[in-house]
Amino acid sequence: MEDLEDKVAVVTGAASGIGQALCVELARAGSTIVAADVDAAGLDTTLAAVHRVGSRAVAVRTDVRRADDMTQLADRVDAEFGGTDLLCLNAGVFRGGLLWESPIEDWDWVLSVNVFGIVHGIRAFVPRMIERGTVAHIEITSSMAGLVATGMSGVYTVSKFAAFALAEVLANDLLASGAPIGVSVLCPSAVATRIGESERNRAGVRPDVESATAIETILVDFCGNGLAPEAVAPGIVDAIRRGDFVIPTRDTMGEFVRVRSEALQRKELPPFQMFD
Ligand SMILES: NC(=O)c1ccc[n+]([C@@H]2O[C@H](COP(=O)([O-])OP(=O)(O)OC[C@H]3O[C@@H](n4cnc5c(N)ncnc54)[C@H](O)[C@@H]3O)[C@@H](O)[C@H]2O)c1
């Protein structure tokens, strides 16, 4: 997707962090932005930032857990802008803790946002993008936690391995179909966002689990020491232009993957690696 000028980019999780910075960077590249999120106030901030760059933008309150919301989002883009050129399925939440202490409510919440949010996005948008027949691209946000399994974060790690698998299968299926639609999977290392405070947008039951609270406290520190979202967004947009399949935010990714893959080839449990 070399040319982003006058293209229509739809970004989920656009009200904060990586999604918000991506909206601004794509606007700088000349795209019209459709910003989707559950957080209406955050969406206003994103719209204001995109307008400052001088691009067109609309905000659509969307809960990616709901298939109907994603269909309505796709309908709105088609009606208002004629279709989607770049789809960024980026919304995500974190919940950790020891696997045997993780309540089903946590599994429901994290998988419904991080996995079903992507599934609903693919089902709502991809058939229309194929039918339209123009060059297009889909970015799916996984994580370094989708490439190496970290400790005390089982629910999140499972969701991010699934996000990676969704991107890989989607890329292969689109290639086989002959549709001119590329796919990238974003695997960020630590980025200074509010992912450690994901529960701010959680409706319904919020179980109190000691090991989950402990790892969230660590995550807030970990992300606080990460790169700024505005610092990683230009590299993400460059990688989308080039059509890279995997998009890391640090060049240490290859070493983490090598260590894991060599252990697997020896039929060993991969060593615990805390990514940076
Ligand atoms: N920050 C990091 O260090 C890091 C590392 C690896 C991967 N990621 C991934 O990056 C993506 C963006 O996260 P971030 O770090 O910018 O965090 P963030 O919390 O700043 O942004 C996440 C956004 O997703 C939105 N969201 C949550 N539930 C939603 C729902 N049901 N429907 C629609 N939107 C919803 C939130 O409102 C928020 O605006 C996530 O998928 C996350 O897992 C982040």
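Residues numbered from 1 in each chain as written. Predicted model: local features only at pLDDT ≥ 70, side-chain atom pairs only at ≥ 80, totals over all residues.

(A) Seen up close, the overall build of the chain. A tally of regular secondary structure across the chain gives nine helices and seven strands. Against the compact-globule benchmark of 19 Å for 276 residues, the chain has a radius of gyration of 18 Å, which places it among compact chains. Taking the principal axes of the C-alpha coordinates as reference, the chain spans close to 50 × 40 × 30 Å. Going through the 276 residues of the chain one by one, you find that 46% of them count as buried. Contacts in the chain between residues at least 24 apart in sequence constitute 74% of all its contacts with a sequence separation of at least 6. (Helix = DSSP H or I, 4+ residues; strand = E, 2+ residues; numbered from the N terminus. Rg over C-alpha atoms; globule rule 2.2 N^0.38 Å. Buried ≥ 20, exposed ≤ 12 C-beta atoms within 10 Å, placed from the backbone. Contact = placed C-beta atoms within 7 Å.)

(B) Quick peek at the pairing of strand β4 (residues 86-89). On β4, burial covers both faces: Leu 86 and Cys 88 on one face and Leu 87 and Leu 89 on the other are all buried. Bridge count for strand β1 (residues 8-12) against β4 is three bridges, and the pairing is parallel. Bridge pairing in β4 places Val 11 opposite Cys 88. (Pairing = 2+ DSSP bridges.)

(C) Focus on the packing of helix α1 (residues 17-28) against helix α2 (residues 40-53). Two elements in contact, α1 and α2, have axes separated by 9 Å at closest approach and are oriented at 20°. As judged from the angle between their axes, α1 and α2 are roughly parallel. The handedness of the crossing between α1 and α2 comes out as right-handed. Listed contacts from α2 to Gln 20, Cys 23, Val 24, Ala 27 and Arg 28 of α1 are Thr 46, Ala 49, Val 50 and Val 53. (Axes fitted to C-alpha atoms, helices over the stretch in contact; angles between N-to-C directions. Parallel < 35°, antiparallel > 145°, perpendicular 65-115°, else oblique. Left-handed = near helix turned anticlockwise from the far one by under 90°.)

(D) Representation of the site of the ligand. What surrounds the ligand is a group of 32 residues, the closest being Gly 13, Ser 16, Gly 17, Gly 92 and Thr 193. With three residues, the top contributor of residues to the shell around the ligand is α1. Each residue belonging to the shell around the ligand can be placed in one class, and the counts come to 12 nonpolar, 15 polar and five charged. (Near = placed C-beta within 6 Å. Nonpolar A, V, L, I, M, F, W, Y, C, P; charged D, E, K, R; others polar.)

(E) How the structure looks around the packing of α1 against helix α8 (residues 229-242). Packing of α1 against α8 brings their axes to within 8 Å, and their N-to-C directions diverge by 55°. Considered as vectors, α1 and α8 are oriented oblique to each other. Seen along the crossing, α1 lies across α8 with a hand that is right-handed. Between α1 and α8, the contacting residues are Gly 17, Ile 18, Gln 20, Ala 21, Leu 22, Val 24, Glu 25 and Leu 26 on the first element and Pro 229, Glu 230, Val 232, Ala 233, Pro 234, Ile 236 and Val 237 on the second. In terms of residue class, the contact of α1 with α8 is built from 11 nonpolar, two polar and two charged.

(F) Looking closely at unusual backbone geometry. Of note in this structure, Asp 6 is not a glycine but carries a positive phi near 60°. Here Asp 6 shows up in the segment before β1. The class of Asp 6 is exposed, set by 10 C-beta atoms lying within 10 Å. The backbone phi angle of Met 152 is positive, close to 60°, even though this residue is not glycine. Its place among the elements puts Met 152 in the loop between β5 (136-141) and α6 (154-177). Taking the C-beta count within 10 Å as the criterion, Met 152 has 18 such neighbours and is therefore assigned partly exposed.

(G) Highlighting helix α3 (residues 67-81). Its 15 residues place the ends of α3 21 Å apart at the C-alpha level, agreeing with the 21 Å of an ideal helix rising 1.5 Å per residue. Next to the buried residues of α3 lie β1, β2 (32-37), β3 (57-61) and α5 (116-132). With its phi angle positive at about 85°, Gly 82 sits one or two positions after the end of α3. (Expected span 1.5 Å × (residues − 1).)

(H) Spatial organisation of the sheet that holds β2. As summarised here, the arrangement of the seven strands in space is β3-β2-β1-β4-β5-β6-β7, forming an open sheet in which the pairing is parallel. Sheet topology places β3 and β7 (246-248) at the edges, where each strand pairs with a single neighbour. When strand polarity is set aside, the average angle formed by the axes of neighbouring strands in this sheet is 15°.

(I) Here's a closer look at the environment of Ala 21. Within the element layout of this structure, Ala 21 appears in helix α1. Among the residues examined, Ala 21 registers 24 C-beta atoms within 10 Å and is labelled buried. In this structure the C-alpha to C-alpha distance between Ala 21 and Val 60, which are 39 residues apart in sequence, comes to 17 Å. For Ala 21, the residues in contact, after removing those within four places along its chain, are Pro 229, Glu 230 and Ala 233.

(J) Structural context of the environment of Asp 78. Here Asp 78 lies in helix α3. When the C-alpha positions of Asp 78 and Arg 128 are compared, they lie 8.9 Å apart, and in sequence the two are 50 residues distant. In contact with Asp 78, other than residues within four places in its own chain, are Gly 83 and Arg 128.

(K) Looking closely at the environment of Asn 172. Mapped onto the fold, Asn 172 is located in helix α6. Taking C-alpha positions, Asn 172 is 21 Å from Ser 261, a pair spaced 89 residues apart along the chain.

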